[in-house]
Amino acid sequence: DDLLFHRDDAGTLLRHYIRLAWYTGWDAPSRELLRNHVRLSTVAPLGDVQPWLDTPIDELARYLYVRRFLSRNHVPQIANQIRGLGVLGFDPEPLETWVDQVLVRWERESAWRRQVIVTAENSLTLEDLARVAALVADPDASSWSLLESAEGPGLFAQLAAGVLQRVGSVGMEAALGRWPAARPPLLGAMPETRHTATAQAIAGYLDEAGRVVSILAQGFAPGVGLADLVDWYVAGGFYDLEYAHVRAADHVRLLAASHRELANLLNGYLTELRSELRDFLRHADLELANHIRGSWQQYLSSPRLATNILSDLIKRRRVRPTPEEGLWVVVFDGMRWDTWQRVVKPRLLEQFEF
């Protein structure tokens, strides 16, 4: 019954056709077959609905996606703006009469919306999306507020890239400091398109470099004793500075394939940031050395150095292996805390209680 189009009026037919066009992940030949089927099945006068049937479904998806984004950002004279972008192969003006009724479905049906976004972004290049994003560029160069209006990874990537390029190295620290609070909550839930890898690389850089900036912003305040210094180092995330920096650099390396100029800018900033974090950690290392040098006997007797693991955690608790549960005592020598937290412990927890 869904594929019967003997409807009473053009508006009903259009709404039915639009629902079917992105009802599921049709391939391109299937979408074209559907469009031709509707055109041949229709007996009612179509009037201003006719342009919707004359336009290929892939191009309709680009139009709806771009128009939705510009509308959310209150861009005036949207049809003229879209025409000037050169991202469509047709004049969008004849579609404007019905577009608001079509886009009512956008908020109502998430599966339909995701299919439109996937179809649109898979036929839009990053250069196309950069021109779209440029129409709504925020005059506050370091503001992330526009990212909330991005509903696909390609637009997110180009909006974020625009902010990073506008702030440059000089404003990068301030922009990264704002990033954690501004990170779009639905970023990880965006549909997967051809631009997902680029969006993930940019978001990954922002997450990791932003983590380094936020940790360094805490300043140096370890307390007065050796235990205070160790607790401060772990609780404040300072152990993760070098590893987070490496993770940020990995994301930039992946970004170079699609955004060479941006990748060069971010690599330059990461070089500056590496110098800053190493100076900071060198300060912490010297502080640790001073604690040890100042009270050698206290250091040797510190429970952080000589915890009685077997007596405290096994014998005193009367832990015993059973036929169902083995007891493992694993000794690591000289492991970095970031390696433990980020790599070894998560892997052990896949098989063992800790």
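Here's a quick rundown of the structure. (Residues numbered from 1 in each chain as written. Predicted model: local features only at pLDDT ≥ 70, side-chain atom pairs only at ≥ 80, totals over all residues. Heavy atoms only, no water.)

1. Here's the deal with the overall build of the chain
Move 1: Along the chain, the regular secondary structure elements total 16 helices and zero strands.
Move 2: Relative to the 2.2 N^0.38 estimate, which gives 20 Å for 354 residues, the radius of gyration of the chain is 28 Å and therefore markedly larger than a compact globule would have.
Move 3: Judged by the C-alpha coordinates and their principal axes, the chain covers about 95 × 60 × 30 Å.
Move 4: By residue count, 44% of the 354 residues in the chain fall in the buried class.
Move 5: In the chain, the proportion of contacts linking residues at least 24 apart, taken out of those at least 6 apart, comes to 72%.
Move 6: Carbon and sulfur atoms form 52% of the exposed surface of the chain, whose accessible area is close to 19,400 Å².
Move 7: Computed over 38 positive and 45 negative side-chain charges, the separation of the two mean positions in the chain equals 5 Å. (Helix = DSSP H or I, 4+ residues; strand = E, 2+ residues; numbered from the N terminus. Rg over C-alpha atoms; globule rule 2.2 N^0.38 Å. Buried < 20%, exposed > 50% of the residue type's maximum accessible area, 1.4 Å probe, protein only. Contact = heavy atoms within 4.5 Å. Areas by Shrake-Rupley, 256 points an atom, 1.4 Å probe, with all protein chains shown as cover. Lys, Arg positive; Asp, Glu negative; His and termini not counted. Charge placed at Lys NZ, Arg CZ, Asp CG, Glu CD.)

2. Considerations on helix α12 (residues 241-255)
Move 1: Between its terminal C-alpha atoms α12 stretches 21 Å, which fits the 21 Å expected from 15 residues at 1.5 Å a residue.
Move 2: Of the positions making up α12, those classed as buried are L241, A244, H245, R247, A248, V252 and L255. Angularly, the buried residues of α12 cover 160 degrees about the axis, an arc narrow enough to put them on a single face. For α12, exposure combined with an orientation more than 90 degrees from the buried face picks out R253 and L254.
Move 3: Against the buried residues of α12 lie α10 (196-216), α13 (260-294) and α16 (337-349). (Expected span 1.5 Å × (residues − 1). Arc of directions from axis to C-beta.)

3. Brief notes about the nonpolar core
Proteins that are soluble and globular tend to have nonpolar side chains buried together.
Move 1: In this structure, W22, W52, L64, F156 and Y205 are the most contacted members of the largest nonpolar core, which totals 95 residues.
Move 2: In terms of residue count, helix α9 (residues 153-182) provides more of this core than any other element does, 13 residues in total.
Move 3: With residues near it in sequence (within four places) discarded, Y205 still touches L164, M172, L176, G210, A248, H251, V252, L266, Y269 and L270. (Core = buried A, V, L, I, M, F, W, Y, C linked by side-chain atoms within 4.5 Å.)

4. So, the packing of α9 against α13
Any two packed helices are characterised by the angle at which their axes cross and by the distance between the axes.
Move 1: At their nearest, the axes of α9 and α13 sit 10 Å apart, and the two run at 5 degrees to each other. Relative to α13, the element α9 lies roughly parallel. Contacts between α9 and α13 involve A161, L164, Q165, G168, S169, M172, E173 and L176 from the first element and L262, L265, L266, Y269 and E272 from the second.
Move 2: Split into classes, the residues belonging to the contact of α9 with α13 amount to eight nonpolar, three polar and two charged. (Axes fitted to C-alpha atoms, helices over the stretch in contact; angles between N-to-C directions. Parallel < 35°, antiparallel > 145°, perpendicular 65-115°, else oblique. Nonpolar A, V, L, I, M, F, W, Y, C, P; charged D, E, K, R; others polar.)

5. So, the packing of aromatic side chains
Move 1: Scanning the entire structure with this criterion turns up 15 aromatic pairs.
Move 2: Centroid distance Y63 to F90: 6.3 Å. Interplanar angle 70 degrees. Geometry classified as edge-to-face. With Y63 in helix α4 (residues 57-72) and F90 in the loop between α5 (78-85) and α6 (96-108), this residue pair connects regions lying 27 residues apart in the sequence.
Move 3: Measuring from ring centre to ring centre gives 5.4 Å for W144 and W179, while their planes differ by 70 degrees; the resulting arrangement is edge-to-face. Placement of the pair is W144 in the loop between α8 (126-134) and α9 and W179 in helix α9, with a sequence separation of 35 residues.
Move 4: On the basis of relative accessible area, W179 is assigned to the buried category, the value being 1%.
Move 5: Members of the aromatic cluster, joined through ring pairs, are F220, W232, F238 and F280. (Phe/Tyr/Trp six-rings, centres within 6.5 Å; stacked < 30°, edge-to-face > 60°.)

6. Points about the pattern of salt bridges
It is possible for side chains bearing opposite charge to pair when their charged atoms get close.
Move 1: As enumerated under the stated definition, the model contains 24 salt bridges in all.
Move 2: For R105, the salt bridge identified is with E109, shortest N-O distance 2.5 Å.
Move 3: For the salt bridge of D240 with R247, the shortest nitrogen-to-oxygen distance reads 2.9 Å.
Move 4: Within the structure, one salt-bridge network assembled from shared partners comprises E208, R211, D240, R247 and R342. (Salt bridge = Lys/Arg side-chain N within 4 Å of Asp/Glu carboxyl O.)

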